[in-house]
Amino acid sequence: MHDIKWIRENAEAFDRALARRGVAPASAALLALDDARRSHLVKLQDAQERRNAASKEIGKAKASRDEARAQALIDEVAQIKSFIQTGEEEERRLTAALNDALSTIPNLPLDNVPDGKDEADNVELHVVGTKPSFDFEPKEHYELGETLGGMDFETAAKLAGSRFVMLKGQIARLERALGQFMVDLHTNDHGYTEVSPPLLVRDEILYGTGQLPKFAEDQFRTTDDRWLIPTAEVPLTNIVNGEILEEGALPLRLTALTYCFRSEAGSAGRDVRGMLRQHQFQKCELVSITRPDESLDELERMREAAETVLRKLGLHYRVVTLCTGDMGFGARKTYDIEVWLPGQDAYREISSCSACGDFQARRMNARYRPEGEKGLRFVHTLNGSGIAVGRALIAVLENYQNADGSITVPEALRPYMGGLERIG
């Protein structure tokens, strides 16, 4: 959510920033809505002042026994009360119209975010490790998983339809090991507090992090008007929804290993084979709540935490800074971490880490009390994958495959696999 006062004072800069994201100018329409609201508020304030003054005049008229004057004033006050009642309803309508318009406008990119239209314009930050070499033709994860008897897409489709998978045996255990490894790493080494949040949330919670109203079709809704979370970012960030935090409590660093649910609207025909794009998947999420002056340093810290997972797993990857046209709705700046998949002969996203500024905090009304100051400020929020468990499983299977179809278990995961060194 944007600050309409800031937009009024920086209308040209606001529209220029939207243009960098490929969004049409919006300041004129927003300010027109705000002007209508402000004008109406002036009328309401004038009416309330006149009601108060007329009420005092009634007493004076009665004291002077001027009953005609008193009755005229009583009638006037009744009319003003009626206007105020309907006027307050109009005020709520005008405020809602302004907020609805603001809620569909994406966050503004930072100045150092590269301009561009899509993923082709993303800028490589760095590359870690080297691509593995094989003396055989590497297979894709679903070929390996099915041959090992650990991936069953057919039964999953019978139970739930397309874009689901049933993992079995040591492959299922490997997925569980990956999630546990990530949570242990982030809580023990990176200072995150583990949370086990609800997987169902209310409308206002998805609104707080920006999934509603613009992206409702990407979500799964239940029959009792709750939503399955698309990412643990939603409940973790909304822990501070409506809260006033003390400055000393910041930064808050939270992590959760949860299932996530996405309708994948608009992805027909993309990544149909395998488990790259699923309706249900596990992800280890990282969320930080910070002071404004800490948020960009926190983004680098979060990215490093996510990268550490891949380095400890011995996976080759690269980090890119997303261009303005490829960033998510609520982000000011985003790093994507892309792991190398030899079966696909391609890099694929395995983590995104984003700084959102006060964009989500304004939607949630999440604030903090600066030490030594009387006023309140909005917190800054950040979120990142630390990392996507399903895609990490894919990466391990493809990068650690052997010529006989077996999978070498990475050393970092062996304590979680009962010391198992090879799946075959």
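Residues numbered from 1 in each chain as written. Predicted model: local features only at pLDDT ≥ 70, side-chain atom pairs only at ≥ 80, totals over all residues. Heavy atoms only, no water.

With that out of the way, let us pick up helix α12 (residues 389-399). In terms of burial, α12 is largely enclosed, as eleven of its eleven residues are buried. Residues Val389, Gly390, Arg391, Ala392, Leu393, Ile394, Ala395, Val396, Leu397, Glu398 and Asn399 constitute the buried set of α12. (Buried < 20%, exposed > 50% of the residue type's maximum accessible area, 1.4 Å probe, protein only. Helix = DSSP H or I, 4+ residues; strand = E, 2+ residues; numbered from the N terminus.)

Moving on, we come to the nonpolar core. Counting residues in hydrophobic clusters, the biggest one holds 49 residues, and the most contacted among them are Leu174, Leu178, Met182, Ile387, Leu393 and Leu397. If one sorts the elements of this core by residue count, helix α7 (residues 169-188) sits on top with eight residues. For Leu397, the residues in contact, after removing those within four places along its chain, are His141, Leu144, Met151, Ile171, Leu174 and Ile407. With 14 residues, the next largest nonpolar core counts Val240, Leu250, Met364 and Ala366 among its residues. (Core = buried A, V, L, I, M, F, W, Y, C linked by side-chain atoms within 4.5 Å. Contact = heavy atoms within 4.5 Å.)

Our focus in this paragraph is the sheet that holds strand β15 (residues 377-378). Taking strand neighbours across the sheet as the criterion, the three strands line up as β8-β14-β15 in an open arrangement whose pairing is mixed. With one partner strand each, in any of the chains shown, β8 (244-246) and β15 form the two edges of the open sheet. The sheet contact formed by strand β14 (residues 367-369) and β15 spans two bridges and is antiparallel. Looking across to β15, one finds that Tyr368 is bridged to Arg377. (Pairing = 2+ DSSP bridges.)

Moving on to the pairing of strand β9 (residues 252-261). Taken together, the two bridges between strand β4 (residues 193-194) and β9 define a ladder with parallel strand orientation. Residue Thr193 lies in a different strand from β9, and its bridge partner there is Leu254. By the bridge criterion, ten bridges tie β9 to strand β10 (residues 280-290) in an arrangement that is antiparallel. Looking at the pairing, Cys260 lines up with Phe281 of β10.

Partitioning the chain into structural domains gives domain 1 (4-104) and domain 2 (119-423). With centres defined by C-alpha atoms, the gap from domain 1 to domain 2 works out at 45 Å. Note on domain 1 versus domain 2: buried area summed over both sides is about 630 Å², and carbon and sulfur give 44% of it. Its largest share of buried area at the contact with domain 2, domain 1 owes to Arg21, Ser103 and Thr104, together 80% of the area lost on that side. Along the contact surface separating domain 1 from domain 2 lie zero salt bridges. Its residues assigned to classes, the side of domain 1 that touches domain 2 shows no nonpolar, three polar and two charged. (Domains from an automatic or database assignment. Buried area = accessible area lost by both parts, 1.4 Å probe. Salt bridge = Lys/Arg side-chain N within 4 Å of Asp/Glu carboxyl O. Nonpolar A, V, L, I, M, F, W, Y, C, P; charged D, E, K, R; others polar.)

Bringing the UniProt feature "coiled-coil region" (unreviewed entry) in the chain into the picture now. Under the feature "coiled-coil region" (unreviewed entry), the UniProt entry names residues 44-71. Counting secondary structure, residues 44-71 comes out at 89% helix and 0% strand; the distance between its end C-alpha atoms is 23 Å. (UniProt positions renumbered as here; feature names shortened; annotations may be inferred.)

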